[in-house]
Amino acid sequence: MELATCPACRSALPKKPSKKTKCASCGEFIFVRDGHLMTAKEIEQERIARIRVNDIHYLGFSEEQFRAKEKAITEATGHRPAFVDVIIVLVEERASELLGQEDSTAKFINLRAIYTSASDILKREGRDPRPMKRLGHLYEAKLLRKIGFKRLAFQVPDGSCEQCAALSGKTYSPDEMVSFLESLQGDDPGLCCCYINEANQQ
Ligand SMILES: [Zn+2]
Ligand SMILES: [Zn+2]
């Protein structure tokens, strides 16, 4: 007979459950995943861990790179960093490598991608995504300038925040757009909902 214990309180169970049950000792729900008994908290932790592995790949890093950086930060500071703080360091290092390259469309595409992806992750992790989002926009503008677009505008989807909505309708030369984006900081327009595109020809 297979012995089983409650994953929450460790008390012995009369038999190993095959589906969600409530522990008679502690009253916690016991979930069954691939034959393993888990608490609701463990299920949630596993879900977050899966999302974070996806985030690491989404940014173009490997889990090994993530773990090596996490270890280096832990050794340097004496504390294990939060997931998102490791991500920020990886992104900043990748961005500084890219910034060292000669200007090219590939360089701007890669910078836009890494900053925009990182801002999505920061938002989900409860951090302010705007500084990275703005950098994503900045390299988008530099990319469009390099490609040869003449007039740019913010495209503001329905339901955007007030700050983004206020940017609707204005058009910019690529140089003006780049200067505008470079001038933003702190609580300036978040540019959270909008994206940059070629202005409609009047
Ligand atoms: Zn229990
Ligand atoms: Zn917005």
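Above this note sits the structure.
Residues numbered from 1 in each chain as written. Chains lettered and ligands numbered in written order. Predicted model: local features only at pLDDT ≥ 70, side-chain atom pairs only at ≥ 80, totals over all residues.

Asker: In this structure, what is going on with the packing of helix α5 (residues 130–147) against helix α7 (residues 174–183)? I would like to understand it.
Answerer: The geometry of a pair of packed helices is captured by two quantities: the angle between their axes and the separation between those axes. Their axes nearest at 9 Å, the elements α5 and α7 cross at an angle of 165°. Classed by the angle they form, the pair α5 and α7 counts as roughly antiparallel. Where α5 crosses over α7, the handedness of that crossing is left-handed. Packed against α5, whose contacting residues are Arg134, His137, Leu138, Ala141, Lys142, Leu144 and Arg145, the element α7 presents Pro174, Met177, Val178, Leu181 and Glu182 at the interface. Looking at the contact of α5 with α7 residue by residue, the class counts come to 7 nonpolar, 1 polar and 4 charged. (Axes fitted to C-alpha atoms, helices over the stretch in contact; angles between N-to-C directions. Helix = DSSP H or I, 4+ residues; strand = E, 2+ residues; numbered from the N terminus. Parallel < 35°, antiparallel > 145°, perpendicular 65-115°, else oblique. Left-handed = near helix turned anticlockwise from the far one by under 90°. Contact = placed C-beta atoms within 7 Å. Nonpolar A, V, L, I, M, F, W, Y, C, P; charged D, E, K, R; others polar.)

Asker: I would appreciate a short explanation of unusual backbone geometry in the present structure.
Answerer: Keep in mind that most residues, glycine aside, have a negative phi and that most peptide bonds are trans. Backbone geometry at arginine 10 places phi at a positive 70°, although glycine is not the residue there. Structurally, arginine 10 is set in the loop between β1 (4–5) and β2 (12–13). Unusually for a residue other than glycine, aspartate 34 sits at a positive phi of about 50°. Overall, the presence of 5 C-beta atoms within 10 Å leaves aspartate 34 in the exposed class. (Buried ≥ 20, exposed ≤ 12 C-beta atoms within 10 Å, placed from the backbone.)

Asker: Honestly, the packing of helix α2 (residues 63–77) against helix α3 (residues 83–99) in this entry has me stumped. Any pointers?
Answerer: Relative to each other, α2 and α3 sit at 105°, their axes nearing to 10 Å. Judged on the interaxial angle alone, α3 and α2 are roughly perpendicular. Side by side, α2 and α3 meet where Gln65, Phe66, Lys69, Glu70 and Ile73 of the first sit next to Val86, Val89 and Leu90 of the second. When the residues that make up the contact of α2 with α3 are grouped by side-chain class, the tally is 5 nonpolar, 1 polar and 2 charged.

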